[in-house]
Amino acid sequence: MQIILVLSLTAAAIGSGLIAGIFFAFSAFIMTAFARLPAEQGIAAMNSINITIIRSPFMALFAPTAILCLVISVLAVINWRGGASMLMLAGAALYLLASFVSTIIFNVPMNDALEKVSGSGPQAAKLWATYLRDWTWWNHVRTIASLLASVAFVRALMLV
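Here goes a summary of the coordinates provided. Position numbers for residues start from 1 in each chain and track the written sequence from start to end. Restriction of local features to residues with pLDDT of at least 70 applies here, the model being predicted, together with a cutoff of 80 or more for giving and counting side-chain atom pairs; totals for whole chains, interfaces and linings are based on all residues. Only hydrogens and water are set aside when side-chain values are computed; all heavy atoms of the structure are taken into account.

Take the packing of aromatic side chains next. Centres within 6.5 Å are what make two rings of Phe, Tyr or Trp a pair, Trp counting through its six-membered ring; a difference in plane orientation under 30 degrees is then read as stacked, over 60 as edge-to-face, and the rest as tilted. With the rule as written, the count across this model stands at 10 aromatic pairs. Here F23 and F62 contribute two aromatic rings whose centre-to-centre distance is 6.2 Å and whose plane-to-plane angle is 75°, an arrangement assigned as edge-to-face. Residue F23 is located in helix 1 (residues 2-35), and its partner F62 is located in helix 3 (residues 57-78); the two are separated by 39 residues in the primary sequence. Residues Y131 and W135 carry aromatic rings whose centres are separated by 6.1 Å and whose planes lie at 20° to one another, so their mutual orientation is stacked. Taken together, the residues span about one helical turn, with Y131 and W135 both in helix 5 (residues 122-159) at a distance of four residues. As far as burial versus exposure is concerned, Y131 and W135 are alike and both buried. One aromatic cluster is present, formed by F23, F58, F62, Y95 and F100 through successive ring pairs. A ring is scored as having a charge over it whenever the NZ atom of a lysine or the CZ atom of an arginine sits within 6 Å of its centre and within 35 degrees of its normal. Over the aromatic face of F23 sits the side chain of R142, whose NZ or CZ is 3.9 Å from the ring centroid. Here the guanidinium or amino end of R142 rests over the ring plane of W135, the centre of that ring lying 5.2 Å away. Comment: elements are numbered from the N terminus, with helices defined as DSSP H or I runs of at least four residues and strands as E runs of at least two. Throughout, exposure labels follow a simple rule: accessible area from a 1.4 Å probe, protein chains only, divided by the maximum for the residue type, with under 20% read as buried, over 50% as exposed, and the rest as partly exposed.

This part takes up the pattern of salt bridges. Salt bridges are counted wherever a side-chain nitrogen of Lys or Arg sits within 4 Å of a carboxyl oxygen of Asp or Glu. Taken as a whole, this structure holds one salt bridge when the rule is applied. Of the charged contacts, one joins R133 and D134 as a salt bridge, the two residues approaching to 2.9 Å between their closest N and O atoms.

Running from amino to carboxyl end, helix 3 crosses helix 4 (residues 83-115) at an angle of 150°, the nearest separation of the two axes being 9 Å. Our pair here, helix 3 against helix 4, has a crossing hand that is left-handed. Contacts from L61, F62, A63, T65, A66, C69, L70, I72, S73, L75, A76 and V77 of helix 3 reach helix 4 at S85, M88, L89, A92, Y95, L96, S99, F100 and T103. Of the residues belonging to the contact of helix 3 with helix 4, the class tally is 16 nonpolar, five polar and no charged. Fitted lines through C-alpha atoms serve as axes, helices being fitted only where they are in contact, and the angles separating the N-to-C directions of these axes extend from 0 to 180 degrees. A clockwise turn of the near helix away from the far one marks a right-handed crossing, whereas an anticlockwise turn of less than a right angle marks a left-handed crossing. Residues count as neighbours in contact if any of their non-hydrogen atoms are within 4.5 Å of one another. Residue classes follow a fixed rule: Ala, Val, Leu, Ile, Met, Phe, Trp, Tyr, Cys and Pro count as nonpolar, while Asp, Glu, Lys and Arg count as charged, and any other residue, Gly among them, counts as polar.

With that out of the way, let us pick up the packing of helix 4 against helix 5. Put simply, helix 4 and helix 5 touch, their axes get as near as 8 Å, and they point 160° apart. One element, helix 4, and the other, helix 5, form an angle in the roughly antiparallel class. For the crossing formed where helix 4 meets helix 5, the hand is left-handed. In terms of residue class, the contact of helix 4 with helix 5 is made up of 24 nonpolar, nine polar and three charged. Any angle that falls under 35 degrees is termed roughly parallel, while one over 145 is termed roughly antiparallel, one within 65 to 115 roughly perpendicular, and all others oblique.

Residues separated by three or four positions in an α-helix point in the same direction, a consequence of the helix having 3.6 residues per turn. Taking 1.5 Å as the rise per residue, helix 3 with 22 residues should run 32 Å; its terminal C-alpha atoms sit 32 Å apart, in good agreement. Among the residues of helix 3, those classed as buried are F58, F62, T65, A66, C69, I72, S73, L75 and A76. Contacts made by the buried residues of helix 3 are with helix 1, helix 2 (39-54), helix 4 and helix 5. How far a helix is expected to stretch is found by multiplying one less than its residue total by 1.5 Å.

Below, the discussion takes up the side chain of N50. Position of N50 relative to the elements: it lies in helix 2. By relative accessible area, which is 12% here, N50 ends up buried. When neighbours within four sequence positions are excluded, N50 is seen to be in contact with N111 and Y131.

The structure is reproduced here in C-alpha cells:
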C-alpha cells in the first residue's frame, strides 16, 4: 500500500503542478494578449484553443489527476497518518474543487457561450469583454488551487 501511496502522491504532485503551469500561462500572458486583439480575432483564437485543448495531452493530464485525487483521498482516510493525511486531503480538495470542478461549473460554460457568438458586432464585443474578465478570474482560482495542491502533495510525500 505504501508504494501505491507514494506513486499516487508523486503523480498527483506532478500532474497538479503541470496543470498549474498551464493555467498560469493563460493568466500571465495568453489572456492579456487576447485582450489586445479585436473581439472577432480574440474570440476566434480562444475558440480555436478550446477545440484544440480537448484533443490535446492536457486532457490526458487534467482528468487523471482528478482521479488520482480521489484515490489519494481514500488512502488518506483508510490509513490515517495525521498531518500527512490532512495534507493529502487538502491537496485533493484543492485540485478537485477549485481546479477541476470550477472548470466544469464556470470556465466550460463560458467557453460554450463564446462558441455560439459570431465574432463581430456589439453583442460579441460585450460578451468578449465579460468573458475575458470572468474567465480569467476563475483561471486565477484554478492556477492558485492547482499550485497549492501540488505543494500539499509534495509536503505529504515528505511525511509519509
